[in-house]
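Chains, contacts and geometry: an overview
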Amino acid sequence: MNPKTSKPYALDFPIITISDMVHAQRHLIDHLGIEHLLCVAGGSVGGMQVLQWVASYPERVRSAMPIATALKHSPQQIAFDEVGRQAIMADPDWREGDYYGQGQPEKGLAVRA
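This is a predicted model, so every value here is computed, not measured. (Residues numbered from 1 in each chain as written. Predicted model: local features only at pLDDT ≥ 70, side-chain atom pairs only at ≥ 80, totals over all residues. Heavy atoms only, no water.)

**A word on the overall build of the protein chain**
Along the protein chain, the regular secondary structure elements total 3 helices and 2 strands. For the protein chain, the α and β elements follow one another from N to C terminus as α-β-α-β-α. Its C-alpha atoms give the protein chain a radius of gyration of 18 Å, clearly above 13 Å, the size a compact globule of 113 residues would have. Burial analysis of the protein chain (113 residues in total) assigns 19% to the buried set. A total of about 8400 Å² of accessible surface is found on the protein chain, and carbon and sulfur atoms cover 59% of it. Side-chain charges in the protein chain split into 10 positive and 12 negative, and the spacing between the mean points of these groups amounts to 2 Å. (Helix = DSSP H or I, 4+ residues; strand = E, 2+ residues; numbered from the N terminus. Rg over C-alpha atoms; globule rule 2.2 N^0.38 Å. Buried < 20%, exposed > 50% of the residue type's maximum accessible area, 1.4 Å probe, protein only. Areas by Shrake-Rupley, 256 points an atom, 1.4 Å probe, with all protein chains shown as cover. Lys, Arg positive; Asp, Glu negative; His and termini not counted. Charge placed at Lys NZ, Arg CZ, Asp CG, Glu CD.)

**So, unusual backbone geometry**
One non-glycine residue, serine 6, lies in the positive phi region at around 60°. Examined against the element boundaries, serine 6 turns out to sit in the segment before helix 1 (18-31). When its relative accessible area of 57% is taken as the criterion, serine 6 is described as exposed. The phi torsion at serine 44 lies on the positive side, around 60°, for a residue other than glycine.

**Here we look at the pattern of salt bridges**
For the structure on display, the rule yields 4 salt bridges. A salt bridge links arginine 26 to aspartate 30, with the shortest nitrogen-to-oxygen separation between them at 2.5 Å. Separated by 4 residues within a single helix, arginine 26 and aspartate 30 lie in helix 1, roughly one turn from each other. Exposure remark for arginine 26: the relative accessible area of 15% places this residue in the buried category. Taking the shortest distance from any N to any O, the salt bridge between arginine 60 and aspartate 30 comes out at 2.6 Å. Taken together, the positions of arginine 60 in the loop between helix 2 (45-56) and strand 2 (61-67) and aspartate 30 in helix 1 put the pair 30 residues apart, joining distant regions of the chain. You can call arginine 60 buried: its relative accessible area is 13%. Classification of aspartate 30 by relative accessible area gives partly exposed; the value is 32%. (Salt bridge = Lys/Arg side-chain N within 4 Å of Asp/Glu carboxyl O.)

So far we have only geometry, and geometry alone does not tell us how the molecule works.
Next up, the structure:
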């Protein structure tokens with residue numbers, strides 16, 4: 001819940017970066033008492049997290065296995081993501097992402113010709 005509005009965040013949720021995700025994961029392993037990781041592995045966005053682990057905490061990672069990933073999104077990947085966003089927002093029930101209490105969109109990523 002958004003403390004400013006007392007409603008679900010929906011599209012007002014703060015942006016979360018790969019660095020934010022890795023920082024949260026580091027807090028978890030600290031809490032669990034894990035000092036070093038034998039291997040950090042992940043594919044796609046998980047692979048980006050692997051790269052961030054190595055960049056941010058190299059002393060804590062013995063090896064890394066980034067799979068099917070890149071340092072950053074390519075223009076083609078950004079374009080494909082935009083196609084997906086547009087398909088979702090084209091649903092008549094999208095309501096600018098504020099559909100709480102009114103039912104969720106049913107068509108989602110369906111694209112009609």
